[in-house]
Amino acid sequence: MNIHEYQGKEILKSFGVRVQEGLVAETPAQAIEAAKKLKADYNSDWVVIKAQIHAGGRGKGGGVKLAKNLDEVKEKAETIIGMQLVTPQTGPEGKLVSKVLVAQDVYYPGESETKEFYISVLLDRAKGRNIIMYSTEGGMDIEEVAEHTPHLIFKEEIDPKVGLQAFQTRKIAFNLGLSGEAFKDMCKFIAALYKAYDATDSAMFEINPVLKTSDNKILAVDAKVNLDDNALYRHADYAAMRDESEEDPTEVEAGKSNLNYVKLDGNVGCMVNGAGLAMATMDIIKLAGGEPANFLDVGGSANAETVKAGFNIILSDPNVKAILINIFGGIVRCDRVAQGVIDAYKEIGNIPVPIIVRLQGTNAVEAKKLIDDSGLEVFSAIQLKEAADLVTKVLKG
């Protein structure tokens, strides 16, 4: 589950990570009040107005603006709030900005130069270990750094038996070229950041940039946080941070019905029980000359209600020209799924696209008879090749 920058910073602060302070505003008037408070609390003459959406590259799309006075705060907030922000990560449709983070100016003059770094904590699935990935090239897209200067990206593996060790934090600070107070502060920063990642059951913490200020303090200027959905039952306070307006509405609706759904760009909707079978079904659709319109796993306990919900979600996609239902009856009985298809078909009414149902396993013969005797425009199959041939047939009209 992705959360906003300001929410990620709240989590970081709770674990002792120093962050760029800021206040959330949903209107220009609130942005002005936030700027006044930052001036009073942190002596911040300038502020940064940052769009809060679940996507990176906000600055490139015009979603991050510097304001030097209250008039500019109002002007920049009016520009950003309500805009359809397009970034390299949003796609051409962009995302609607409903709130901004008014943040303090941390690039103030001082005795030494400021320096930006990149630091992230994530799981290396190949090695089964958490890693800290870091670079001296902060503020840039890490993909570009990896492509053009891979020698500037470092990785530190964390042994799960002992956790992050002090010598590792010192190694990271050394590789980042720090010394003196900045070196010590970076060690504390890394230790607190890893503790936050581990304790929150996160999938990723990405801080870009991490800033060394002109007075040698280390702080997080940005925070991109992805929490592990499977662990949210342990963190009700973090689950409450979910912003459904930032997610695909169809995927949100599928989640309410306990369906695993991912929208794709094809023309054949598919409904399957089991992730592996779903992948195989998408291969079948491709071999048949179609393109899968979605990944939809109804799970091992599929029944009439989940089948009906699946139908409604698939049919909400106007690109769908056919639906392939591929169920293996192990835990679930095929005849129950077949009855669910029939009931859903009758309840929804006129379904404008052909439906192919392939049922195999427990009570598959009874299921096929139910569908064949229903009088509905549903094509039934038992073998995978038979289902693929029917997909080809219906796509050709």
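Above this text is the structure in question.
Residues numbered from 1 in each chain as written. Predicted model: local features only at pLDDT ≥ 70, side-chain atom pairs only at ≥ 80, totals over all residues. Heavy atoms only, no water.

Participant: Help me understand the overall build of the chain in this model?
Facilitator: Each helix and strand in the chain was counted, giving 13 helices and 18 strands. If one aligns the C-alpha atoms of the chain with their principal axes, the spans along those axes are about 85 × 50 × 40 Å. Taking all 397 residues of the chain together, 49% fall into the buried category. Considering only residue pairs separated by 6 or more positions, the chain has 67% of its internal contacts joining residues 24 or more positions apart. A total of about 19200 Å² of accessible surface is found on the chain, and carbon and sulfur atoms cover 51% of it. Seen as two clouds, the 45 positive and the 57 negative side-chain charges of the chain have centres 2 Å apart. (Helix = DSSP H or I, 4+ residues; strand = E, 2+ residues; numbered from the N terminus. Buried < 20%, exposed > 50% of the residue type's maximum accessible area, 1.4 Å probe, protein only. Contact = heavy atoms within 4.5 Å. Areas by Shrake-Rupley, 256 points an atom, 1.4 Å probe, with all protein chains shown as cover. Lys, Arg positive; Asp, Glu negative; His and termini not counted. Charge placed at Lys NZ, Arg CZ, Asp CG, Glu CD.)

Participant: How should I be thinking about the pattern of salt bridges in this particular structure?
Facilitator: As a working rule, side chains carrying opposite charge can pair if their charged atoms are close by. For the structure shown, the criterion picks out 25 salt bridges. For Arg129, the salt bridge identified is with Asp159, shortest N-O distance 3.9 Å. On the criterion of sequence distance, the pair formed by Arg129 in strand β8 (residues 129–135) and Asp159 in the loop between β9 (153–158) and α5 (166–175) is long-range, its members being 30 residues apart. The partly exposed category is assigned to Arg129, whose relative accessible area is 27%. Between Asp373 and Lys369 there is a salt bridge; the shortest N-O distance is 2.7 Å. Classification of Lys369 by relative accessible area gives exposed; the value is 54%. (Salt bridge = Lys/Arg side-chain N within 4 Å of Asp/Glu carboxyl O.)

Participant: Whenever I open this one, helix α9 (residues 275–287) confuses me. Can you help?
Facilitator: Every α-helix carries 3.6 residues per turn, so stepping three or four residues along brings you back to the same face. In this model α9 runs 19 Å from its N-terminal to its C-terminal C-alpha over 13 residues, within 8% of the 18 Å that 1.5 Å per residue would give. All of the buried residues along α9 are Ala278, Thr281, Met282, Ile284 and Ile285. The arc that holds every buried residue of α9, seen down its axis, measures 155°, which confines them to one face. Looking at α9, the residues exposed on the side facing more than 90 degrees away from the buried face are Gly276 and Leu287. (Expected span 1.5 Å × (residues − 1). Arc of directions from axis to C-beta.)

Participant: Is there a simple way to explain the sheet that holds strand β3 (residues 64–67) in this structure?
Facilitator: Strands in a sheet are paired, the pairing made by backbone hydrogen bonds, and the direction either parallel or antiparallel. Spatial ordering of the open sheet is given by β1-β6-β2-β3, a layout of 4 strands whose pairing is antiparallel. The two strands at the open ends of the sheet, each matched to only one other strand, are β1 (22–25) and β3. For this sheet, the mean inter-axis angle between neighbouring strands, taken without regard to orientation, is 25°. With 5 bridges connecting them, strand β2 (residues 47–51) and strand β6 (residues 100–104) associate as antiparallel partners. By the bridge assignment for β6, Val48 is matched with Ala103. Against the sheet, helix α2 (residues 28–42) makes contact with β1, β2 and β6, and its axis sits at roughly 20° relative to β6, the strand it touches most. (Pairing = 2+ DSSP bridges. Axes fitted to C-alpha atoms, helices over the stretch in contact; angles between N-to-C directions.)

Participant: How do you make sense of the side chain of Arg358 when you look at a structure like this?
Facilitator: Inspection of the secondary structure puts Arg358 in strand β17 (residues 355–361). The side chain of Arg358 is buried and forms no salt bridge, while Glu386, the nearest opposite charge, is found at 7.7 Å. Beyond its immediate sequence surroundings of up to four residues, Arg358 is in contact with Ile325, Asn326, Ile327, Ala381, Ile382, Gln383, Leu384 and Ala387.

Participant: Would you mind going over α5 with me for this structure?
Facilitator: Of the positions making up α5, those classed as buried are Gln168, Thr169, Ile172 and Ala173. On an axial view of α5, the arc spanned by its buried residues comes to 140°, and they lie on one face. At the C-terminal side of α5, Gly177 shows a positive phi close to 80°.

Participant: Even after reading the chapter, I still don't get the environment of Tyr108, so can you show me in this structure?
Facilitator: For Tyr108, the location among the structural elements is in the loop between β6 and β7 (115–124). Given a relative accessible area of 28%, Tyr108 falls into the partly exposed group. Separated by 63 residues in sequence, Tyr108 and Asp45 place their C-alpha atoms 9.8 Å apart. In this structure Tyr108 touches Thr213, Ser214 and Asp215, once residues within four positions along its chain are discounted.

Participant: Even after reading the chapter, I still don't get the pairing of β8, so can you show me in this structure?
Facilitator: When a strand is regular, its side chains alternate between the sheet's two faces. Counted residue by residue, β8 has 6 buried out of 7 residues, so it is predominantly covered. Direction of pairing for β7 relative to β8: antiparallel, over a ladder of 7 bridges. The residue of β8 that forms the bridge with Ser120 is Met133. Adjacent in sequence and paired antiparallel, β7 and β8 are bridged by 4 residues, among which Gly128 carries a positive phi angle near 65°.

Participant: Explanation requested: the packing of α2 against helix α3 (residues 70–80) in the structure shown.
Facilitator: With their axes 9 Å apart at the nearest point, α2 and α3 run at an angle of 140° to one another. On the basis of the axis angle, α2 is oblique to α3. As for the relative orientation of α2 and α3, their crossing is right-handed in sense. Of α3, the residues touching α2 (which contributes Pro28, Ala31, Ile32, Ala35 and Lys36) are Leu70, Val73, Lys74, Ala77 and Glu78. Within the contact of α2 with α3, the residues separate by chemical class into 7 nonpolar, no polar and 3 charged. (Parallel < 35°, antiparallel > 145°, perpendicular 65-115°, else oblique. Left-handed = near helix turned anticlockwise from the far one by under 90°. Nonpolar A, V, L, I, M, F, W, Y, C, P; charged D, E, K, R; others polar.)

Participant: Explain unusual backbone geometry here, please?
Facilitator: Note: most peptide bonds trans; most residues except glycine with negative phi. For the peptide bond that leads from Asn208 to Pro209, omega is 10°, which places it in the cis range. Mapped onto the elements, Pro209 comes out in strand β10 (residues 202–212). Even without glycine at this site, Asn216 takes up a positive phi of about 65°. Even without a glycine there, the phi angle at Asn363 is positive, about 60°. On the secondary structure map, Asn363 appears in the loop between β17 and α12 (364–372).

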